[in-house]
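# Survey of secondary and tertiary structure
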Amino acid sequence: MTDSEDVIHSRIWEEVPETDNPFAASACFCSGFDVYGDLLGKASWVEYLYLLFKQEPPSAEQAVLLEGLAVALANPGPRDHSVRAAMNAGVGGSTHAACLTAALAVGAGQLGGAREVALAMENWRECGHDLDAWKHRLSHLPQEQRVDVWPDMEHPPGFDPHGASCARPIRQTLTYLARCSSGDALPWLQQHRCELESASDCPLAMTGVAAAALVDLEFNAGQGETLYLLLRLPGAAVHALEQQAYGYKHYPFFKDGLELTDDPGPAPQHDNHRERVG
Amino acid sequence: MNGPQILLDHEQHWVTDMGAWFPGERVVFRGKDLFHDLKDISWMALLLYGITGRMFDDRQLRLFEGMWTLCTSYPDPRLWNNRVAALAGTARSTAALAIGAANAMSEASVYGGRPLIRSIDFLLRTQEQLDKGARLEEVIKQELKTYKRILGFGRPLIRKDERIAPMMKLAEDLEFCDGTYIKLVFSVEKILVRHRSCLSMNIAALLAAMSADQGLSRYEYYHFMVLCFSAGMFPCYSDALNKPEGAFFPFRCERVDYQGKPRRKWISTSGINKVNGNESFQDG
């Protein structure tokens, strides 16, 4: 290797080549840990996941919190937008990668998706534990002055604009994760949930719970957004596989669901042609 | 709390003026019959009609198509989005996954999506202020003060943008080179280059100006450009697919320049050790 060759810089990964092939790794080290010679069999999946993101192992409490979050997020259920996207791909026989790509594209969004989690995490960074700051921010959505590829946010991030009250699974998740957390955000959110819901005029959503958990795990917004995308993929995957097996004939098409307001009606030439052909 | 009223109103009910398929019969595309009203238009015209709901004349369509042909589709697999297409080819993935992923990532910050939409946004905002009597120098100064840089000016890898001249030649041929926004973008460049020589215009600003002159809004321009890199991606994918698998710019292990923590042993706190003990695994 010469100095002029392009290299990949990494604080995460190091490889030692096999003696007979410079392109095959004999040992792989993740942040200093021998992945296949030491870590495999000792670290749980969430511990390794945390290590990959933070380059340090989690404490026992952090591992339990991340594990709880991973279980809570793993399957948003078949009505969720991202899972529906995956099922739409699955039912038509798309590649499995396309099913997950569809789930990622839709689940990236600002309603129930990963971008909403990142924006909710920004709220924590801006407001901390200042209830008045939260109340102001939730009732005055910050808007980018410049246009962006992301549309403007239409509801307070972390809250459900279509909710009537905080749904039970959200409350159950918050209660469990707040009990696991050694951080401050989840307990504070549990304590002040009703006041925050009043300020935003919306009930707390799973994105809001996830954001607080990710703050307590000391992830930054980019890491939180990425983890949220990743952790919700299992549900998208299995529902896509399930609908592929059921087949498109058993999947909603909304046959009578579309109302077209500007239908010009059948074109005369088409009718004539059809008559001639028929 | 709003409650679920909007969801209740929309359950099994989607009202639209964008279009519909009448199975076995016809297709309505934004109020027009696809097989009758739109049967003779080009794909570029259909794309722009789908985005804007407006029909453009032949001269305008040649300009829009020229933007894609001349400015956005280099078949060089070193370019980041094309490289994804090539990687998909070398890894023997599918063409649709390759092009889909490469297009998705083209919505980037240092090139593609953000510079494109922010370029036209800057030009439209600036012209609004000029129309109200502001001075261009002051508008630019304020923009730099607020955002540190103006997207569409300066370029990540090289100063000169080789696409400006051929695109301006096409605009001249089509008699589109003296629109309000084209004049504006060159005036902005003149001021910025005086400020810092590396801030000459890149193609994002010029295309934004040309599109603004044709009446595209911010989001119309952004949507129009979403697929603009596609033509350069297919050759990169095919080339890698047709060469030995895995052969596209491989990295040997030692070209991962590790800069992290020193070697250390894992001390586990998780329940997994209750099953496996705390022993390291060796070959075998």
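Residues numbered from 1 in each chain as written. Chains lettered and ligands numbered in written order. Predicted model: local features only at pLDDT ≥ 70, side-chain atom pairs only at ≥ 80, totals over all residues. Heavy atoms only, no water.

## Remarks on the overall build of chain B
Helix and strand counts for chain B come out as 13 helices and five strands. At 25 Å, chain B has a C-alpha radius of gyration far larger than the 19 Å of a compact globule built from 284 residues. Projecting the C-alpha coordinates of chain B onto the three principal axes gives extents of approximately 75 × 60 × 55 Å. Split into buried and exposed, the 284 residues of chain B put 44% on the buried side. Long-range contacts, defined as pairs at least 24 residues apart, comprise 68% of the intrachain contacts of chain B with a sequence gap of at least 6. Charge centroids of chain B, computed over 37 positive and 33 negative side chains, lie 10 Å from each other. (Helix = DSSP H or I, 4+ residues; strand = E, 2+ residues; numbered from the N terminus. Rg over C-alpha atoms; globule rule 2.2 N^0.38 Å. Buried < 20%, exposed > 50% of the residue type's maximum accessible area, 1.4 Å probe, protein only. Contact = heavy atoms within 4.5 Å. Lys, Arg positive; Asp, Glu negative; His and termini not counted. Charge placed at Lys NZ, Arg CZ, Asp CG, Glu CD.)

## Comments concerning the environment of G257(A)
Among the secondary structure elements, G257(A) is positioned in the loop between α12 (233-246) and β5 (258-260). It is 42 Å that separates the C-alpha atoms of G257(A) and N220(A), two residues lying 37 residues apart in sequence. Excluding residues that lie within four positions of it along the chain, G257(A) makes contacts with Q12(B), H13(B) and W14(B).

## A short note on empty space enclosed by the protein
All names here are of chain A. Considering all chains together, one arrives at three cavities of 30 Å³ or more under this definition. Within this model, the largest cavity holds a volume of roughly 60 Å³. Lining the largest cavity, in full, are A120, N123, W124, W134, P157, G158, F159, L189, L196, L204 and G208. Going through the elements one at a time, α6 (114-127) and α9 (185-200) are the ones with two or more residues in the lining of the largest cavity. Per-element tally for the lining of the largest cavity: the top contributor is α6, with three residues. Per-class residue counts for the lining of the largest cavity are eight nonpolar, three polar and no charged. Taken as a whole, the second largest cavity holds about 50 Å³ of empty space. (1 Å grid on protein atoms, 1.4 Å probe; cavity = no way out; pocket = protein on both sides within 12 Å on 5 of 7 lines; lining within 4 Å. Points joined across faces, edges and corners; volume = space filled by probe spheres on them. Nonpolar A, V, L, I, M, F, W, Y, C, P; charged D, E, K, R; others polar.)

## Considerations on a nonpolar patch on the surface
All names here are of chain B. A cluster of nonpolar residues, W43, V226 and L227, forms a patch on the protein surface that exposes about 280 Å² of accessible area. With respect to the secondary-structure elements, W43 resides in helix α2 (residues 43-52). Residue class for W43 comes out exposed when judged on its relative accessible area of 53%. (Patch = residues over 30% accessible without salt bridge, like charges linked within 9 Å, V, L, I, M, F, W, Y side chains within 5 Å. Areas by Shrake-Rupley, 256 points an atom, 1.4 Å probe, with all protein chains shown as cover. Salt bridge = Lys/Arg side-chain N within 4 Å of Asp/Glu carboxyl O.)

## Focus on the pairing of strand β3 (residues 26-29) of chain B
All names here are of chain B. Looking at chain direction, strand β2 (residues 19-22) and β3 are connected through four bridges and run antiparallel. Considered in β3, the bridge of G19 is made with F29. The antiparallel pairing of β2 with β3 creates a hairpin that spans three residues between the two strands, and G24 there sits at a positive phi of about 75°. Linking β3 to strand β4 (residues 32-33), which pair antiparallel, is a turn of two residues; within it R30 sits at a positive phi near 45°. (Pairing = 2+ DSSP bridges.)

## Quick notes on the pattern of salt bridges
Using the criterion set out here, one finds 23 salt bridges over all chains in the structure. Residue K42(A) pairs with D38(A) through a salt bridge whose shortest N-O separation is 2.3 Å. The class of D38(A) is buried, set by a relative accessible area of 1%. In this structure, E220(B) engages R54(B) in a salt bridge whose closest nitrogen and oxygen atoms are separated by 3.0 Å. Here the residue E220(B) occupies a position in helix α11 (residues 218-225), and R54(B) occupies one in the loop between α2 and α3 (58-71), the gap between them amounting to 166 residues. Beyond isolated ion pairs, a larger network of salt bridges with shared partners links D121(B), R125(B), E143(B) and R218(B).

## Here we look at helix α5 (residues 95-105) of chain B
Buried within α5(B) are the following residues: L97(B), A98(B), I99(B), A102(B) and N103(B). Where α5(B) is buried, its residues contact α5 (96-107) of chain A together with α4 (80-90) and α12 (230-242) of chain B.

## A look at the domain arrangement of chain A
With domains assigned, chain A is organised as domain 1 (13-42) and domain 2 (59-142 + 152-241). Domain 1 of chain A and domain 2 of chain A are separated by 34 Å when their C-alpha centres are compared. (Domains from an automatic or database assignment.)

## As for the packing of aromatic side chains
Enumeration over the complete set of coordinates arrives at 17 aromatic pairs over all chains. With a centroid separation of 5.3 Å and an interplanar angle of 80°, the aromatic rings of F56(B) and F64(B) are classed as edge-to-face. A single burial state applies to F56(B) and to F64(B), both of which are buried. An aromatic cluster of at least three residues, connected via ring pairs, comprises W43(B), F56(B), F64(B), W68(B) and F224(B). One cation-aromatic arrangement involves K54(A) over F219(A); the distance from NZ or CZ to the ring centre is 5.3 Å. The ring centre of Y147(B) lies 3.9 Å from the NZ or CZ of R146(A), which sits over that ring. (Phe/Tyr/Trp six-rings, centres within 6.5 Å; stacked < 30°, edge-to-face > 60°. Lys NZ or Arg CZ within 6 Å of the ring centre and 35° of its normal.)

## Points about the packing of α3(B) against helix α8 (residues 164-173) of chain B
A pair of packed helices is characterised by two quantities: the angle between their axes and the separation of those axes. Residue and element names in this part refer to chain B. With their axes 10 Å apart at the nearest point, α3 and α8 run at an angle of 165° to one another. Judged on the interaxial angle alone, α8 and α3 are roughly antiparallel. Crossing handedness for the pair α3 and α8: right-handed. Residue-level contacts link R62, L63, G66, M67, L70 and C71 of α3 to P166, M167, L170 and A171 of α8. Tallied by class, residues from the contact of α3 with α8 come to eight nonpolar, one polar and one charged. (Axes fitted to C-alpha atoms, helices over the stretch in contact; angles between N-to-C directions. Parallel < 35°, antiparallel > 145°, perpendicular 65-115°, else oblique. Left-handed = near helix turned anticlockwise from the far one by under 90°.)

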